[in-house]
Amino acid sequence: MLVNLLFYGFAVLAVLGAAGLIFFRHPMNGAMSFVVTLVCLAGLYALLSAKLIFALQLIVYAGAIMSLIVFIIMFLNIQPEDLPREETKIPYILGGLVLVAPVGLLLGKIVKTMPNFSVDLVGNNFGGVKPVGLVLFQEWLVPFEIVSILLLVSLVGAVVLAGKRGTGK
Amino acid sequence: MIHNYLFLSVILFCLGIVGVISRRNVFTVFMSIELMLNAANLAFIAFSRVHESMDGHVLAMMVMAVAAAEAALALAVVILLHKHKGKLDTNVFSLLKG
């Protein structure tokens, strides 16, 4: 019962945060409402008994990535007059909803054809650090190494892109 | 019930698509892409819970790593474009038209 209540609370807050991200004009307000969505998703991961992913969502996503985005938004010192003038924002969003509705309805139909499972919290260390680590380093070792190369490449790329100074104007 | 989690994932993904196609602020577009990645993550974790196997958790971790790499690169590009154009409007960033 409590689990259902928590699920609906987190789900409503997550959808509200995402809607706020789409509707707010200033990106800082959007980023703050997106943080609400991310924290609610972390709660949903906890309800799905994914303990490690719950912690990682809070630390990496809501912590590191979002603070990087907020830092850049503050760093660029965006005044309200620098923002793109979006007079047609509301009609565009409504039109986008109309366009995307068939996709969402199709995906919903696909979900409905699947058998429904009840997802209680499971014990026996499901989703803990040790079982996930074992799977990661036994069955997913090569993708893990490729991801490490990807992170190295993006590090070098970010330094090369943002570190240019004194080129022309 | 697993259906509710998947419906929530579908809703968040559709909101992400709407944000990408209807907004012109480059930061909002970027965060909408992150929203779509998160919706996919939620579906991964939900299916992982159904099958009681840990592979979905590993994939979700990979998606997080890709999102971090993407955030670093995309924000570097945004800083560069802001330095060159002084704007945050995606309509201004049409350098690839030739």
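Residues numbered from 1 in each chain as written. Chains lettered and ligands numbered in written order. Predicted model: local features only at pLDDT ≥ 70, side-chain atom pairs only at ≥ 80, totals over all residues. Heavy atoms only, no water.

Colleague: Quick question: what am I supposed to make of the overall build of chain A here?
Modeller: In terms of helices and strands, chain A carries 6 helices and 0 strands. The N-to-C order of helical and strand elements in chain A reads α-α-α-α-α-α. Summed over all atoms, the accessible surface of chain A reaches about 9900 Å², with 75% contributed by carbon and sulfur. Looking at charge distribution, chain A has the averaged site of its 10 positive side-chain charges lying 2 Å from that of its 7 negative ones. (Helix = DSSP H or I, 4+ residues; strand = E, 2+ residues; numbered from the N terminus. Areas by Shrake-Rupley, 256 points an atom, 1.4 Å probe, with all protein chains shown as cover. Lys, Arg positive; Asp, Glu negative; His and termini not counted. Charge placed at Lys NZ, Arg CZ, Asp CG, Glu CD.)

Colleague: What is the right way to read the pattern of salt bridges from this model?
Modeller: Working definition: two side chains of opposite charge can pair if their charged atoms are close together. All names here are of chain B. The tally for this structure, following the rule as stated, stands at 2 salt bridges over all chains. As a salt-bridge pair, Arg24 and Asp89 come within 2.5 Å of each other at their nearest N and O atoms. Note that Arg24 is positioned in the loop between helix 1 (2-22) and helix 2 (26-51) and Asp89 in the segment after helix 3 (55-85), a separation of 65 residues in sequence. (Salt bridge = Lys/Arg side-chain N within 4 Å of Asp/Glu carboxyl O.)

Colleague: Looking at this structure, I do not really get the interface of chain A and chain B. What am I missing?
Modeller: By a widespread convention, an interface's size corresponds to the accessible area lost as its parts come together. Listed by partner, the interface residues are 83 residues for chain A and 67 residues for chain B. Across the chain A to chain B interface the summed buried area is about 6900 Å²; carbon plus sulfur atoms make up 79%. Contact with chain B buries area across many residues of chain A, yet Ile22, Tyr61 and Phe126 of chain A alone supply 9% of it, more than any other trio. Summed over the shared surface of chain A and chain B, the result is 0 salt bridges. When residues of the side of chain A that touches chain B are traced back to their parent elements, those giving at least two are helix 1 (2-23), helix 2 (27-47), helix 3 (51-75), helix 4 (89-113), helix 5 (129-138) and helix 6 (141-162) of chain A. Within the side of chain A that touches chain B, the residues separate by chemical class into 62 nonpolar, 12 polar and 9 charged. (Contact = heavy atoms within 4.5 Å. Buried area = accessible area lost by both parts, 1.4 Å probe. Nonpolar A, V, L, I, M, F, W, Y, C, P; charged D, E, K, R; others polar.)

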